[in-house]
Amino acid sequence: MGAAVRLAGLRKVFEGRSGSGTVVAVDGVSLEVEDGSLVTLLGPSGCGKTTVLRMIAGFETPTGGEVYIGDERITTVPPNKRRTSMVFQGYGLFPHMQVYDNIGYGLRIRKVPAAEIRDRVFSMLELVGLKGTEARLPSQLSGGQQQRVALARALITEPRVLLFDEPLSNLDAKLRVQMRQEIRRLQQRLRITSVYVTHDQDEAMTLSDQIVVMHQGRVEQVGTAPEIYNRPRTLFVADFIGKGNFLAGTVRAVDGDRAEVEIAEGGVRAPAEGFRAGESVWLLLRPEAIGLGPAGTGRWQGRVAAATYLGSEIFYEVTVGTQNLLVKVGHPHGAIALTQGDPVGVIFDEGSLHLVRREVAA
Amino acid sequence: MGREAGLDSAREVSWRQMDGLRRILREPVLAAAIGVIVASLFLFVIYPLVRVFQMSVVEDGRFTLHVYRDLLSKAFERRPLYNSLLLGVLVALAGTAVGYLFAFAIARADVPWKRFFRVIATFPIISPPFVLSLAAILMLGRKGFITRMLFQGQWDPHIYGLRGLVLVETIAFFPTAFLIMLGVLQAIDPALEESSLNLGATRWQVFRTVTLPLSVPGLASSLLVLFVESLADFGNPIILSGNFPVLSVQAYLHITGMVDFSGGAALAVILLFPTLTAFLLQKYWVGRKSYVTVTGKPSPARLSVDPMTRRLLLGLCLAMTGVILLLYGTVVFGSFVTLWGANYTLTLTHYVSVFHIGGRYLRDTLILASVATPVTGILGMIIAFLVVRKQFVGKGLMDLTSMLTFAVPGTVVGIGYILAFNEPPLLLTGTAAIIVLLFIFRNVPVGSRAGVAALQQIDKAIEEAATNLGAGSGRTFVTITLPLITPAFFSGLAYSFVRCMTAISAVIFVVSGKWNLITVAILGLVENADLSQAAAFSLVLIAIVLVVLGLIQVGVGRVATSQMGYEPSG
């Protein structure tokens, strides 16, 4: 069931309050969401992801561009006629109705016969793990339970597209992890096309078939979790996802699929990935791709500036020349424990380097 | 990119305005509703006020200011204005102080019997304000219990005049101050006071540097609101003013006693200036400044004072309670007394009279109030819905006009109504209609205020969820919005009913032989020194109000008393 979602050149401009000018919230977003897949819009606050979602739902009218579901152009269709069920950030449960009536609301509107409503509500309650709560009011449920009611209410109408507006942000950490796995399981089982908005990277990485990284109203990159993480195309994406070390450099020469890059600490050979000689780049080196050995070993020599113990891993700040590198060491109980001031050797594999375009001031 | 955005946004703005207009025209019912409401507000709120102005500056068909000159030129003539202002300031100060005392005792000193004190502090709201004048005379008047019986006529407390009015109006209006201050104290984030303590301040310093400054907007609001209530008060001064003339009573006497319409109208206009100014100051300046806690939830009572202070505050509250109970108790006692000042044997004759001779007053009042109240409630909700959820030209004006009846003293409105509706095509004087209309448009702000507050509480996501699941605007309103604002609707109904039953300053101009009201009857009895009969009537009135409030409360659950208050009564 369901259908693909296509956004074409979507734009949204808001007028500011008296005298403060206008805000371009969404600046030309084009996107294809495959039928049955879950796509996450990921980005910091204010990047426009929620506005895009609300334009798909119909709560905002685009200033420019079009929204398609399947072959149908729905850009100006009223929000109650779109069959794009939404799970809201605050859940939006009807406080004066029991769980049963909350979930059945959409079916009552479609004039589904009472007996059928009963069956479907009860099977939905089982599906989301809320059996036995049908007579309770939302105020009598925990946060996680309320979330599930919101989900059940959205799913029961068999929508073409399922929309999520940061649904887990009000839950505590452990519950969040549990709920996102359940949401993913359900979505895959029912194969509903879903668009999910969040600012939490872990959520995005766990849930999505594709991640859309957004920044200041524009799409920075679209890709799977490994693509986004290992081959970010812009500095913003590289910096937003995970932690990274960025070393400024220039490409000296390109030899086949390798590039000679000149950085402050000397020269390295990195995967060329389409860059040419003379281009300014950032060299991205992920903390987990760096190893530490005794002084005198490895590519570079450095000194430990700080150590942060996190249980399953230790983060070290290592000063190499003028740079501060962040290094992640896993399995700490097996390795040497280093302290501030210790000299170390910095080890890494050139294959794990990644180049990102660097803007140079004119 | 900036230039592009500029061009696009200009297009966007005009598109949005056209879109708004198109949307309204697409819903003819909505457009019609707006039209009808605007017309009614103009006819029954603005037009009477215009007539009052007119009457005060037009003589023999010519524009003239000599009426004002006559009224303001001599010192003797200026006395009512001066007196009203003085009284207003004193009552504002005293009432705010008492209100703050109770509010602070409950919210910060954790006194025992909080519920009891809350009831005492809000009880005067449901009684007609001039019952307290009646009590004052019963106790301290010429034939008063204390002056006659206890002091054998040796002590004259000068209850008629400024002193009596300050006492009586303070008690009548401090509940408003109490509710405002309680709300303010509860809205202060506990973290602010706690961090002050944490940084080493003594409890007194915390009060002086944190609590009190944060209470200032509430204090200012309270002072302004009580000032307006005192100026607008009619029932108390007409009984107690003696040789201390005030504007509201003078305006009434010019119209009914001297048949001097222009003089009465001019006095009404003079009365209007300070009240309107204070109201606008409160609404648009002070009312906007509030230091509300981030979570928006009222914080519970805490203990922020040392035991000595707590005992002191408790003592003061008890003393105040004693005075209030004494006054109301006197009225209760008085209603059973054969002849106050002469024969103190207990009797039920006065109550019998209430139902025999006074039966038609009861019947008339109840009928008129029962007709007006539901209309007020529904109209108030519709206006609230339009103001909060819809965009249209002149929305702000509609909002302000519907609030105007709060700011304008009843005396002015009453005079306006008899001037506006005493000739065809709108000949309404002497009918039930004029009384009902007066009730409706005096009390509509109560309903719309409650509605606006309730609508603003509803998380937008709830209504969006309904739309998202397929409901159109009508269905969303009926199945989601309406049930959620029902408590506010009934709360508005309850308070409107109370205001109908206790009204005097406006309605005294429009009662007639055919339709009369209990409050007017009580005033008449007091003027005839038929004090015990007046007391009996008053208690029956209070009893009716309590019964109806009780019924509404049972029917709905909680009647939010926090939504009552802020408005001039009478």
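Thresholds, definitions, all that
- Residues numbered from 1 in each chain as written.
- Chains lettered and ligands numbered in written order.
- Predicted model: local features only at pLDDT ≥ 70, side-chain atom pairs only at ≥ 80, totals over all residues.
- Helix = DSSP H or I, 4+ residues; strand = E, 2+ residues; numbered from the N terminus.
- Rg over C-alpha atoms; globule rule 2.2 N^0.38 Å.
- Buried ≥ 20, exposed ≤ 12 C-beta atoms within 10 Å, placed from the backbone.
- Contact = placed C-beta atoms within 7 Å.
- pLDDT = per-residue confidence, 0-100.
- Nonpolar A, V, L, I, M, F, W, Y, C, P; charged D, E, K, R; others polar.
- Domains from an automatic or database assignment.
- Expected span 1.5 Å × (residues − 1).
- Axes fitted to C-alpha atoms, helices over the stretch in contact; angles between N-to-C directions.
- Parallel < 35°, antiparallel > 145°, perpendicular 65-115°, else oblique.
- Pairing = 2+ DSSP bridges.
- Left-handed = near helix turned anticlockwise from the far one by under 90°.

A. Molecular detail of the overall build of chain B. Counting secondary structure elements, chain B contains 23 helices and 6 strands. By the compact-globule yardstick of 25 Å for 570 residues, chain B fits well, its C-alpha radius of gyration being 25 Å. Scored against the burial criterion, the 570 residues of chain B give a buried share of 48%. The long-range fraction of contacts in chain B, counting pairs at least 24 apart against all pairs at least 6 apart in sequence, stands at 81%.

B. Region of interest: the overall build of chain A. Each helix and strand counted, chain A has 8 helices and 20 strands in total. Each principal axis of the C-alpha atoms in chain A carries an extent, and together these give about 80 × 50 × 45 Å. Per-residue burial over chain A gives 38% buried out of 362 residues. Look at the contacts in chain A between residues 6 or more apart in sequence, and 66% of them connect residues 24 or more apart.

C. Seen up close, the confidence of the model for chain B. Residue and element names in this part refer to chain B. The predicted model of chain B has a mean per-residue pLDDT of 84, with 90% of residues at 70 or higher. Across residues 1–9, confidence stays below pLDDT 50; counting only partners more than four residues off in sequence or on other chains, it has 8 contacts. With pLDDT under 50 throughout, residues 559–570 is counted as low confidence; its partners more than four residues away or in other chains account for 43 contacts. Of the two predicted TM-score estimates for the complex, the pTM is 0.75 and the ipTM is 0.76.

D. Looking closely at the interface of chain B and chain A. Counting from both sides, the interface comprises 19 residues of chain B and, opposite them, 21 residues of chain A. Listing elements by their share of the side of chain B that touches chain A, those giving two or more residues are helix H1 (2–26), helix H20 (460–468) and helix H21 (473–502) of chain B. No other element matches the 6 residues that H20 of chain B contributes to the side of chain B that touches chain A. When its residues are assigned to classes, the side of chain B that touches chain A shows 10 nonpolar, 5 polar and 4 charged.

E. How the structure looks around the domain arrangement of chain A. Residue and element names in this part refer to chain A. For chain A, the assigned domains read domain 1 (5–235) and domain 2 (243–357). Each partner contributes to the interface: domain 1 provides 5 residues, whereas domain 2 provides 4 residues. For the side of domain 1 that touches domain 2, the class distribution of residues is 2 nonpolar, 2 polar and 1 charged.

F. Broad picture of helix H4 (residues 143–155) of chain A. Residue and element names in this part refer to chain A. Across its 13 residues, H4 extends 18 Å between first and last C-alpha, which sits within 8% of the 18 Å expected from 1.5 Å per residue. Across the 13 residues of H4, 10 count as buried, placing the element largely inside the fold. Burial in H4 covers these residues: Gln-146, Gln-147, Arg-148, Val-149, Ala-150, Leu-151, Ala-152, Arg-153, Ala-154 and Leu-155.

G. Summary view of the confidence of the model for chain A. Per-residue confidence for chain A averages 89 on the pLDDT scale, and 96% of its residues sit at or above 70. Put simply, strand E13 (residues 266–271) of chain A is where chain A has its lowest mean pLDDT, 86, and strand E3 (residues 38–42) of chain A is where it has its highest, 96.

H. Summary view of unusual backbone geometry. Despite not being glycine, Tyr-91 of chain A has its phi angle at roughly 70°, a positive value. Within the element layout of this structure, Tyr-91 of chain A appears in the loop between strand E6 (84–87) and helix H2 (99–109). According to the C-beta neighbour criterion, Tyr-91 of chain A is buried, with 23 such atoms within 10 Å. The phi torsion at Asp-110 of chain B lies on the positive side, around 45°, for a residue other than glycine. Within the fold, Asp-110 of chain B resides in the loop between helix H4 (75–107) and helix H5 (114–122). Judged by local crowding, Asp-110 of chain B falls into the partly exposed class, with 17 C-beta atoms found within 10 Å.

I. Seen up close, the packing of helix H2 (residues 28–57) of chain B against helix H18 (residues 410–420) of chain B. Residue and element names in this part refer to chain B. Viewed as axis vectors pointing N to C, H2 and H18 meet at an angle of 85°, and their least axial separation amounts to 8 Å. Accordingly, the angle class assigned to the pair H2 and H18 is roughly perpendicular. Facing Tyr-47, Pro-48, Leu-49, Arg-51, Val-52 and Met-55 of H2, the residues of H18 in contact are Val-412, Val-413, Ile-415, Gly-416, Tyr-417, Leu-419 and Ala-420. Residue composition of the contact of H2 with H18, by class: 11 nonpolar, 1 polar and 1 charged.

J. Structural view of the pairing of strand E10 (residues 218–223) of chain A. Residues and elements named next belong to chain A. For strand E9 (residues 210–215) and E10, the ladder comprises 5 bridges, and the chain directions are antiparallel. Residue pairing in the sheet places Val-212 in a bridge with Val-222 of E10. Adjacent in sequence and paired antiparallel, E9 and E10 are bridged by 2 residues, among which Gln-216 carries a positive phi angle near 50°.

K. The sheet that holds E3 of chain A, seen in detail. Residue and element names in this part refer to chain A. Ordered by their spatial adjacency, 6 strands build an open sheet running E6-E7-E8-E3-E9-E10, and the pairing between neighbours is mixed. Strand pairing shows two members of the sheet lacking a second neighbour, E6 and E10, which therefore form its edges. With strand direction ignored, the average angle separating the axes of adjacent strands in the sheet is 20°. As judged from the 4 bridges shared by E6 and strand E7 (residues 161–165), these two strands associate in the parallel manner. Bridge pairing in E7 places Ser-85 opposite Leu-162.

L. Broad picture of the sheet that holds E13 of chain A. Residue and element names in this part refer to chain A. Read from one edge to the other, the open sheet built from 5 strands follows the order E13-E12-E11-E14-E20, with strand pairing classed as antiparallel. Strands with a single pairing partner mark the edges of an open sheet, and in this sheet they are E13 and strand E20 (354–357). Averaged over all adjacent pairs, the angle separating strand axes in this sheet is 45°, with direction ignored. One ladder, built from 6 bridges, connects strand E12 (residues 258–263) with E13; its direction is antiparallel. Its bridge partner being in E13, Ala-259 is matched across the sheet by Ala-270.

M. Examining the packing of helix H10 (residues 203–232) of chain B against helix H13 (residues 261–284) of chain B more closely. Residue and element names in this part refer to chain B. In contact at an axis separation of 9 Å, H10 and H13 are set at 155° when each is read in the N-to-C sense. Looking at the two axes, H10 sits roughly antiparallel to H13. Handedness of the crossing formed by H10 with H13: left-handed. Contacts between H10 and H13 pair Ser-221, Leu-224, Val-225, Phe-227, Val-228, Leu-231 and Ala-232 from the former with Leu-271, Pro-274, Thr-275, Ala-278, Phe-279, Leu-281 and Gln-282 from the latter. Of the residues in the contact of H10 with H13, the class split is 11 nonpolar, 3 polar and no charged.

N. Quick peek at the pairing of strand E19 (residues 343–348) of chain A. All names here are of chain A. Pairing between strand E15 (residues 290–294) and E19: 5 bridges, direction antiparallel. By the bridge assignment for E19, Gly-293 is matched with Gly-345. Bridge count between strand E16 (residues 300–309) and E19: 4 bridges; the pairing is antiparallel. Its bridge partner lying in E19, Gln-301 is registered against Gly-345.

O. Highlighting the environment of Thr-75 of chain A. Residues and elements named next belong to chain A. The topology assignment puts Thr-75 in the loop between strand E5 (72–73) and E6. Between the alpha carbons of Thr-75 and Ala-57 there is a distance of 9.5 Å; along the sequence they are 18 residues apart. Apart from residues no more than four positions distant in its own chain, Thr-75 is found in contact with Pro-62, Glu-66 and Val-67.

P. Representation of the environment of Val-478 of chain B within the structure. Residue and element names in this part refer to chain B. Its place among the elements puts Val-478 in helix H21. The exposure class assigned to Val-478 is exposed, which follows from the 11 C-beta atoms found within 10 Å. A C-alpha to C-alpha distance of 48 Å links Val-478 and Thr-209, two positions 269 residues apart in sequence.

Q. Representation of the environment of Lys-81 of chain A within the structure. All names here are of chain A. For Lys-81, the position within the fold is in the loop between E5 and E6. Using a count of 12 C-beta atoms within 10 Å as the deciding quantity, one classes Lys-81 as exposed. For the pair Lys-81 and Ser-123, spaced 42 residues apart in sequence, the C-alpha separation works out to 25 Å.

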